[in-house]
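Structure at a glance
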Amino acid sequence: AAVSRYGSQKVVTSLNTTVEHTAKEHCKAENCAVSSGGFHLAAAEWWLMGYADYHVITQYSGYGRSAAMRSLRKDTTYTVNYKRTGAAIRCDNTSFSDLETLSFDWSGI
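The text that follows walks through the structure, step by step, so that each part is easy to find. This structure is a prediction, so every number in the text was calculated from the model and none was measured. Within each chain, residues carry numbers counting from 1 in the order of the written sequence. For a predicted model such as this one, the threshold for reporting local features is a pLDDT of at least 70, and the threshold for listing and counting side-chain atom pairs is 80 or more; totals across whole chains, interfaces and linings nevertheless cover every residue. Heavy atoms throughout the structure, all of them, feed into the side-chain values; hydrogens and water do not.

**Let's talk about helix α3 (residues 62-71)**
Working note: α-helix, 3.6 residues per turn, so residues spaced by three or four point in the same direction. By the criterion of burial, α3 is predominantly enclosed, with eight of the 10 residues buried. Taken together, the buried positions of α3 are occupied by Gly62, Tyr63, Gly64, Arg65, Ser66, Ala67, Ala68 and Ser71. In what follows, residue pairs with any heavy atoms lying within 4.5 Å of each other are defined as contacts. Secondary structure counts use DSSP, requiring at least four H or I residues in a row for a helix and at least two E residues in a row for a strand, with both numbered from the N terminus. Check the buried side of α3 and you find it contacts α2 (36-49), β3 (55-58), β4 (77-80) and α4 (99-104). Following α3 by one or two positions, Leu72 adopts a phi angle in the positive range, close to 60 degrees. Exposed residues in this analysis have more than 50% of their type's maximum accessible area, buried residues have under 20%, and partly exposed residues fall in between, with area computed by a 1.4 Å probe over protein chains only.

Spelled out as structure tokens, the structure:
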């Protein structure tokens, strides 16, 4: 449906979606408990994410940002300001976030 509506040269994301990590199993307030299996699954997911051809992340996405940096692919990561709901974000060959800029942004680690 997205291809017929927007064409095949666009990346369509939902800015109104909450994404949970695979390792987030039992959380109460700020305390989260993660099983060994959940941690291993999250580590594998992060490793595989580094193999993606392109990364579209938010400015607060330490998980995605560190996977993008691990990939060492230049000019393939696009940072979306998630508070700009409904606004079009350019993802062309000049609007990427370079690895040096990514390394200075907050990654949560």
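**A closer look at the side chain of Thr77**
For Thr77, the position within the fold is in strand β4. With relative accessibility at 1%, the residue Thr77 sits in the buried group. Contact partners of Thr77, with chain neighbours within four places excluded, come to His55, Ile57, Ala68, Phe96, Ser97 and Leu102.

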